[in-house]
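Each chain, written out:
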Amino acid sequence: GSSITGFILLGFSDRPQLERVLFVVLLIFYLLTLLGNTTIIALSRLDPQLQIPMYFFLSNLSFLDLCYTTSTVPQLLVHLRGADKSISFTGCVAQLFIALGLGCTECILLGVMAFDRYAAVCRPLHYTVIMHPRLCALMASASWFIGFVNSSLQTVLIFLVPLCGRNKIDHFFCEIPPLLKLACVDTTVNESEAFFASMIILLIPVALITFSYSRIVKVVLAIKSASGQRKAFGTCGSHLTVVSLFYGSAIYAYLQPSNNHSQDQGKFVSLFYTIVTPMANPFIYTLRNKDVMGAMKKVFCRSFDSR
């Protein structure tokens, strides 16, 4: 057992010059994340044309990304500019629980969003019947529920491992792999359990996404008009880009043996899916989306006219 009351997050403390650069870059990225995702949520609420299943799930994703980034980045920014890099034991438990829960929820939600795109492209005449508001709410709620149930189990199992006084975490936030490295006992069972849980949470949604898009491609290729094909690919292209960014980094981080990559690589991969992907998501969905761009213009014009 141990009587640890807090941890030291080493982060990038061995590279002081990098810390200064990272502070500026991450602060800009975090502000863009707040701006972009808040805009998506607001537009989905304000514009009646965006009150359809696709944007219901997208606003869920934006809210999730806001919470996910906020669970780690503000603390990282404080640590990058100060000498005190400590986090309380309770704070570490809470951070692991929240960040892991939100990450798992995003995995499942992206799979649900792929099913929504499948229904829209492959079953357009029955889309409103299939994607009924109750079903949408149920699928979104299930994503959050499953994500946080898994996080609860993982968090309890991780903090049952004896640390024997070790409290220096070679990472910038409390995450499973660096926490397991503090253990003073064999963690093979814990690593296997975490790997198995990660496989389920990651690969089942990937299978659903693969199935959905394989059917979508068949339908799109059968569309004779070029404009119809462009519209179908346009509505799915943004989602595929987000899926590739998120799952690529998550699979790299969680579905390979810990000795296959350095700790520094793990930190930078974690930076990618905790700040870069949440920042990029709203821009990916808006820049090529005429509906969102149109809604944005209407809101700005309405606010300008009111003045």
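Residues numbered from 1 in each chain as written. Predicted model: local features only at pLDDT ≥ 70, side-chain atom pairs only at ≥ 80, totals over all residues. Heavy atoms only, no water.

Where an unreviewed UniProt entry is consulted, the chain appears under the name Olfactory receptor, with the organism given as Panthera tigris altaica. UniProt's Sequence similarities (unreviewed entry) comment on the chain is quoted here verbatim: "Belongs to the G-protein coupled receptor 1 family." In its Subcellular location (unreviewed entry) section, the UniProt record describing the chain reads: "Cell membrane". (UniProt positions renumbered as here; feature names shortened; annotations may be inferred.)

A separate point is the nonpolar core. With 82 residues, the main nonpolar core has Phe7, Phe57 and Leu179 as its most contacted residues. Examining the composition of this core, we find that 17 residues originate from one element, helix H4 (residues 89-122), more than from any other. Apart from residues no more than four positions distant in its own chain, Phe57 is found in contact with Leu109, Val112, Met113, Asp116, Met131, Cys136, Met139 and Ala140. (Core = buried A, V, L, I, M, F, W, Y, C linked by side-chain atoms within 4.5 Å. Buried < 20%, exposed > 50% of the residue type's maximum accessible area, 1.4 Å probe, protein only. Helix = DSSP H or I, 4+ residues; strand = E, 2+ residues; numbered from the N terminus. Contact = heavy atoms within 4.5 Å.)

Now for the confidence of the model for the chain. The predicted model of the chain averages 85 in pLDDT, with 90% of residues at 70 or higher. By mean pLDDT, the top-scoring element of the chain is helix H6 (residues 133-159) (94), and the lowest-scoring one is helix H11 (residues 290-306) (69). (pLDDT = per-residue confidence, 0-100.)

Turning next to the sheet that holds strand S3 (residues 168-169). The strand order S2-S1-S3 describes an open sheet built from three strands, whose pairing is mixed. Each end of this open sheet is capped by a strand with a single partner; those strands are strand S2 (86-88) and S3. Where strand S1 (residues 6-9) lies against S2, three bridges are found, and the strand directions are antiparallel. Bridge pairing in S2 places Gly6 opposite Ser88. (Pairing = 2+ DSSP bridges.)

Moving on, we come to the pairing of S1. Examined bridge by bridge, S1 and S3 share two bridges and lie parallel to one another. The residue of S3 that forms the bridge with Ile8 is Lys168.

A few words now on a nonpolar patch on the surface. On the surface, a cluster of nonpolar side chains totalling about 340 Å² of accessible area is made up of Val24, Ile28, Leu32 and Leu35. Assignment of secondary structure puts Leu32 in helix H1 (residues 16-46). (Patch = residues over 30% accessible without salt bridge, like charges linked within 9 Å, V, L, I, M, F, W, Y side chains within 5 Å. Areas by Shrake-Rupley, 256 points an atom, 1.4 Å probe, with all protein chains shown as cover. Salt bridge = Lys/Arg side-chain N within 4 Å of Asp/Glu carboxyl O.)

Quick look at the environment of Gln51 now. Assignment of secondary structure puts Gln51 in the loop between H1 and helix H2 (53-70). Residues Gln51 and Leu245 lie 194 residues apart in sequence; the distance between their C-alpha atoms is 26 Å. Filtering out sequence-adjacent residues up to four positions away, Gln51 remains in contact with Ser44 and Arg45. A polar atom in the side chain of Gln51 sits 2.9 Å from the backbone oxygen of Arg45. (Polar contact = N/O pair within 3.5 Å; in protein donor to acceptor, adjacent residues only side chain to side chain.)

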